[in-house]
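# What the coordinates show
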Amino acid sequence: MASLGHDVVGIDVDEDKIAALNAGRPPFFEPGLGDLLIRGRERGGLEFTSDVSRVSEAEVHFVCVGTPQKPGEFAADVTYVDAAFESLVPHLTSSSVVVGKSTVPVGTAQRLAVVLAESGAAVMWNPEFLREGHAVDDTLHPNRLVYGVGTGADGQRAADVLDAVYETILADGTPRMITDYATAELVKTAANSFLATKISFINAMAELCEASGADVTLLADAIGMDDRIGRKFLNAGLGFGGGCLPKDIRAFMARAGELGADQAVAFLKEIDAINMRRRVRMVDIAREALDGSFIGKRITILGAAFKPDSDDVRDSPALAVARLIATQGGVVTVTDPEAIENASRMFPELRFVADTAEALTGADAVLLLTEWNEYRNLDPQETASVVAGKVLVDGRNVLDPVVWRDAGWTYRALGRP
Ligand code: UGA
């Protein structure tokens, strides 16, 4: 927002994050974000504070807090969104616009519009489609903008204000759709459910490939050439994790149940199950490659983040596999270019080593579980010179089996012979 020329005040309850941001340090790893932050701070139109009363200086309020899965339930926890809206109330006027960005169960925007009704502020829901690792580009060059607005003049006023906020982005020809609240909320959940379905579809095909001796990477290339299907998000492997796809499909199932429409998304349970089976299958393949037992074997895991170019370890498939192997007696070492700090805080029982060569030294098996470029570019000869056993399991289907086998490695992968 600051890079688009707006004056921005960012508010958070976490004082450490506020201090880091004011010093020009993003509190998480995201390519390109640090530069934008420093430029915004130098320009003077970007500051961070924990003082909520500062919102009274602003005309537009974006609510971007998290909606994690509730402990012990499928539903999303919307208490942070509710608290953020409530904290705004005393500072709003009839010219304020409050824009929800958080991913919420359908019906939330309407409920919160009632909470703000007395203040006269307009409420809009403007779902967020950015991907971690591509967040800056996805934000500045989105493929669409969706405005979920309330009925009447307030809806139009909110849309006009947001058009002014996104003027530069709209001038690039970005499509923008105006919908009711419920549709905007569902666009977000439906999009993530579709993406999860695409990934689990190809992973289900990987199971069939394993049973029949076929190769899922060739299968994906071939079906992806039909542009009705498309090749994107058909990368078979260890499946999806992170703070969005897994919890969003579960929250969707929970919300559909409340609405009496649970049958409509019952298939998402299968999508979730296929995804979880890949983690177990990965462990089985690794154990097979080590002659049936992890006991006393040293296993090096390349990658801890749920995806490359991120330090986010929430529901990381790589760390799930690491823990499963550790519980089966394997001596596990995990390495990652950015996520070690977060990973070791979450799973202090695992061994973490930052340097790749050091992490590989003495390994009986190497598992590539997050496809950082550094790991895609590993040299089979060089890697062979430090490990104890030349066993490699490619959990993301990114290495060339021919090259690795020619160098004397046992190469195994999900969905490939
Ligand atoms: C996802 C959506 O892609 C964004 O559009 C959305 O805005 C975001 O959630 C959100 O709800 O905030 P993100 O979680 O950053 O973005 O990551 P993705 O790129 O969707 O990847 C999710 C997982 O799927 C990763 O673990 C990745 O390794 C896995 N994946 C992705 C596959 O296993 N195969 C693929 O072909 C693609």
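Residues numbered from 1 in each chain as written. Predicted model: local features only at pLDDT ≥ 70, side-chain atom pairs only at ≥ 80, totals over all residues. Heavy atoms only, no water.

## A look at the overall build of the chain
- A count of helical and extended segments in the chain gives 17 helices and 13 strands.
- Computed over its C-alpha atoms, the radius of gyration of the chain comes to 23 Å, within 12% of the 22 Å expected for a compact globule of 417 residues.
- Projected onto its principal axes, the C-alpha positions of the chain cover 70 × 50 × 40 Å.
- Each of the 417 residues in the chain was classed as buried or not, and the buried ones make up 48%.
- For the chain, the share of sequence-separated contacts (at least 6 apart) that also reach a separation of at least 24 residues comes to 71%.
- Of the roughly 19,500 Å² of accessible surface on the chain, a fraction of 54% belongs to carbon and sulfur atoms.
- Counting 40 positive and 60 negative side-chain charges, the chain places the averaged centre of each group 5 Å from the other. (Helix = DSSP H or I, 4+ residues; strand = E, 2+ residues; numbered from the N terminus. Rg over C-alpha atoms; globule rule 2.2 N^0.38 Å. Buried < 20%, exposed > 50% of the residue type's maximum accessible area, 1.4 Å probe, protein only. Contact = heavy atoms within 4.5 Å. Areas by Shrake-Rupley, 256 points an atom, 1.4 Å probe, with all protein chains shown as cover. Lys, Arg positive; Asp, Glu negative; His and termini not counted. Charge placed at Lys NZ, Arg CZ, Asp CG, Glu CD.)

## Description of the layout of surface pockets
- Computed from the structure, the second largest pocket encloses a volume of approximately 210 Å³.
- In terms of lining residues, the second largest pocket is bounded by 15 residues, among which Ala113, Gly150, Thr151, Asp154 and Tyr181 are the most central.
- Counting residues per element, the ones that place at least two in the lining of the second largest pocket are α4 (108-116), β5 (122-125) and α6 (153-165).
- Ranked by the residues each element gives to the lining of the second largest pocket, the list is headed by α4, at three residues.
- For the lining of the second largest pocket, a count of residues per class yields eight nonpolar, five polar and two charged. (1 Å grid on protein atoms, 1.4 Å probe; cavity = no way out; pocket = protein on both sides within 12 Å on 5 of 7 lines; lining within 4 Å. Points joined across faces, edges and corners; volume = space filled by probe spheres on them. Nonpolar A, V, L, I, M, F, W, Y, C, P; charged D, E, K, R; others polar.)

## Section: the site of the ligand
- Around the ligand, the surrounding shell holds 21 residues, and the nearest of these are Phe129, Leu130, Glu132, Lys188 and Asn192.
- At a separation of 2.9 Å, an oxygen atom of the ligand approaches a polar backbone atom of Phe306.
- Here an oxygen atom of the ligand sits 3.3 Å away from a polar atom, N or O, in the side chain of Arg396.
- In isolation the ligand exposes 710 Å². Once the protein is present, 90% of that is buried.
- Mapped by element, the contributors of at least two residues to the shell around the ligand are α8 (181-212) and α10 (245-258).
- A class-by-class count of the residues in the shell around the ligand yields 10 nonpolar, four polar and seven charged. (Near = heavy atom within 4 Å. Polar contact = N/O pair within 3.5 Å; in protein donor to acceptor, adjacent residues only side chain to side chain.)

## Observations regarding empty space enclosed by the protein
- Inspection of the entire model under this criterion finds two cavities of 30 Å³ or more.
- Roughly 90 Å³ of volume is contained in the largest cavity.
- Among the secondary structure elements, those contributing two or more residues to the lining of the largest cavity are α8 and α10.
- No other element matches α10, which puts five residues into the lining of the largest cavity.
- The residue makeup of the lining of the largest cavity, split by class, is seven nonpolar, three polar and three charged.
- Viewed by domain, the lining of the largest cavity spans two of them, domain 1 (2-188) and domain 2 (192-269), each represented by three or more residues.
- If you go around the second largest cavity, the residues you meet are Ser102, Thr103, Val104, Trp125, Pro127, Ala184, Glu185, Lys188 and Thr189. (Domains from an automatic or database assignment.)

## Digging into the domain arrangement of the chain
- Assigned domains within the chain: domain 1 (2-188), domain 2 (192-269) and domain 3 (273-413).
- Listed per partner, the contact involves 19 residues of domain 2 and 20 residues of domain 3.
- A combined buried area of about 1,600 Å² lies between domain 2 and domain 3, and 48% of that area is made up of carbon and sulfur atoms.
- For the domain 2 face of the interface with domain 3, the top three residues by lost area are Glu207, Glu210 and Leu238, together amounting to 38%.
- The interface formed by domain 2 and domain 3 contains three salt bridges.
- Residues Glu210 and Arg281 are paired through a salt bridge, measuring 2.9 Å at the closest nitrogen-oxygen approach.
- Between domain 2 and domain 3 we count 11 residue pairs in polar contact (both at pLDDT 80 or more) in total.
- Contributions of two or more residues to the side of domain 2 that touches domain 3 are made by α8, α9 (216-224) and α10. (Buried area = accessible area lost by both parts, 1.4 Å probe. Salt bridge = Lys/Arg side-chain N within 4 Å of Asp/Glu carboxyl O.)

## Regarding the sheet that holds strand β4 (residues 97-100)
- On the basis of which strands lie adjacent, the open sheet formed by five strands has the order β3-β4-β5-β6-β7 and mixed pairing. Single-partner strands in this sheet number two, and they are β3 (60-63) and β7 (176-180). If you compare each strand with its neighbour and ignore which way they point, the axes differ by 25 degrees on average.
- Here strand β6 (residues 145-149) pairs with β7 via five bridges, running parallel. Bridge pairing in β7 places Tyr147 opposite Ile178.
- Across the sheet, helix α3 (residues 79-88) is in contact with β3, β4 and β5; its angle to β3 comes to roughly 160 degrees. (Pairing = 2+ DSSP bridges. Axes fitted to C-alpha atoms, helices over the stretch in contact; angles between N-to-C directions.)

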